[in-house]
Amino acid sequence: MAAVENVIKALEKNGYEVKFFSKGTEAVQYLVEKIQNQTVGFGGSGTLAQLGLHEKLAEKNVILDADYPGPGETFRSTARKSIQTDCYLLSANGLSEDGIIVNLDGEGNRIASSVYGHKKVYYVIGTNKIEKDLERTIWRVRNVAAPKNAALLKVKTPCAKKGDRCYDCDSPERICKGLLINLKKIDSTEVEVILVDEPLGF
Ligand code: SF4
């Protein structure tokens, strides 16, 4: 893997603001200090869950997290509302050494929210998600991240059963529908990448 400094430079060249932390706890502290008195949308993410960011940010913000709908709400109603929050947090399924961020989605709320509707988007990404180039990153997203997420969600797909690779299935419960490749930062939104030198998520 390229030195982390080179990945940071590549992300900056692609238009992103970047913060690097060697520990997840430092990243959490940074975000807790930075995000206050805001509405905050969450994209489903093992990384954010691992860092306990929902609970931490809920102390001083209003959180809309489709995985935890409030009373009378559903996943979809919460996801729809979270498209218009002040800021949005998610991770990436893969990041290439040349600073390309890749995400794969089934419902679509996470990839939609990552590119439009917010003043600011924060990606929190562990260095375990970094791959050499775009081709290898897409391979990782489809054959490593997606099968692990499928297993976690307990969907009825061949990858969830075997956990070894993608079978490009036609299962009704397939979780892979939309692949979003961010070649550069999008124009409409401020985007900050919080890179953490720890294995986070899948
Ligand atoms: S396409 Fe199907 S087999 Fe491949 S990772 Fe997605 S859910 Fe699993």
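Right above here is the structure, for reference.
Note that this is a predicted model, so its numbers are computed, not measured.

Caption draft 1: Layout of unusual backbone geometry. The phi torsion at Asn37 lies on the positive side, around 55°, for a residue other than glycine. Counting through the fold element by element, Asn37 comes out in the loop between helix H2 (24–34) and strand S2 (39–42). Located in the positive-phi region is Asp168, a residue other than glycine, with phi close to 45°. One can find Asp168 in the loop between helix H8 (158–162) and strand S9 (178–182).

Caption draft 2: Main features of the nonpolar core. Within the largest apolar cluster, 20 residues are counted, with the highest numbers of intra-cluster contacts made by Leu31, Leu53, Leu89 and Ile194. Of all the secondary-structure elements, those providing two or more residues to this core are H2, S2, helix H4 (53–58), strand S4 (87–90), strand S7 (120–126) and strand S10 (190–196). Here this core takes four residues from H2, the largest share from any one element. Apart from residues no more than four positions distant in its own chain, Ile194 is found in contact with Lys19, Phe21, Ala27, Tyr30, Leu31, Tyr122, Tyr123, Val124 and Ile125. Counting residues in hydrophobic clusters, the runner-up holds 18 residues, among them Val4, Val121, Ile125 and Ile130.

Caption draft 3: Examining the site of the ligand more closely. Surrounding the ligand, one finds Arg142, Ala146, Thr157, Cys159, Cys166, Tyr167, Asp168, Cys169, Arg174, Ile175 and Cys176. Across the shell around the ligand, the residue classes break down as seven nonpolar, one polar and three charged.

Caption draft 4: The arrangement of the sheet that holds S9 in detail. In space, the four strands of this open sheet follow the order S8-S5-S6-S9, with mixed pairing throughout. The open sheet has two edge strands with one neighbour each: strand S8 (130–131) and S9. Across two bridges, strand S5 (residues 94–96) lies against S8 in parallel orientation. Bridging from a neighbouring strand, Leu95 pairs with Ile130 of S8. Contacts from helix H7 (residues 134–153) reach S5, strand S6 (101–105), S8 and S9 within the one sheet, and its direction differs from that of S6 by about 35°.

Caption draft 5: Quick peek at the pattern of salt bridges. Counting across every chain of the model gives 14 salt bridges. Residue Arg140 pairs with Glu131 through a salt bridge whose shortest N-O separation is 3.8 Å. Exposure class is identical for Arg140 and Glu131. Each is buried. Notably, a salt bridge pairs Arg174 with Asp168, separated by 2.8 Å at the nearest N-O pair. Owing to a relative accessible area of 22%, Arg174 belongs among the partly exposed residues under this scheme. With a relative accessible area of 47%, Asp168 lands in the partly exposed category.

Reading guide: rules and limits
- Residues numbered from 1 in each chain as written.
- Predicted model: local features only at pLDDT ≥ 70, side-chain atom pairs only at ≥ 80, totals over all residues.
- Heavy atoms only, no water.
- Helix = DSSP H or I, 4+ residues; strand = E, 2+ residues; numbered from the N terminus.
- Core = buried A, V, L, I, M, F, W, Y, C linked by side-chain atoms within 4.5 Å.
- Buried < 20%, exposed > 50% of the residue type's maximum accessible area, 1.4 Å probe, protein only.
- Contact = heavy atoms within 4.5 Å.
- Near = heavy atom within 4 Å.
- Nonpolar A, V, L, I, M, F, W, Y, C, P; charged D, E, K, R; others polar.
- Pairing = 2+ DSSP bridges.
- Axes fitted to C-alpha atoms, helices over the stretch in contact; angles between N-to-C directions.
- Salt bridge = Lys/Arg side-chain N within 4 Å of Asp/Glu carboxyl O.

In short, the description is geometric, and any link to function would need to be established separately.
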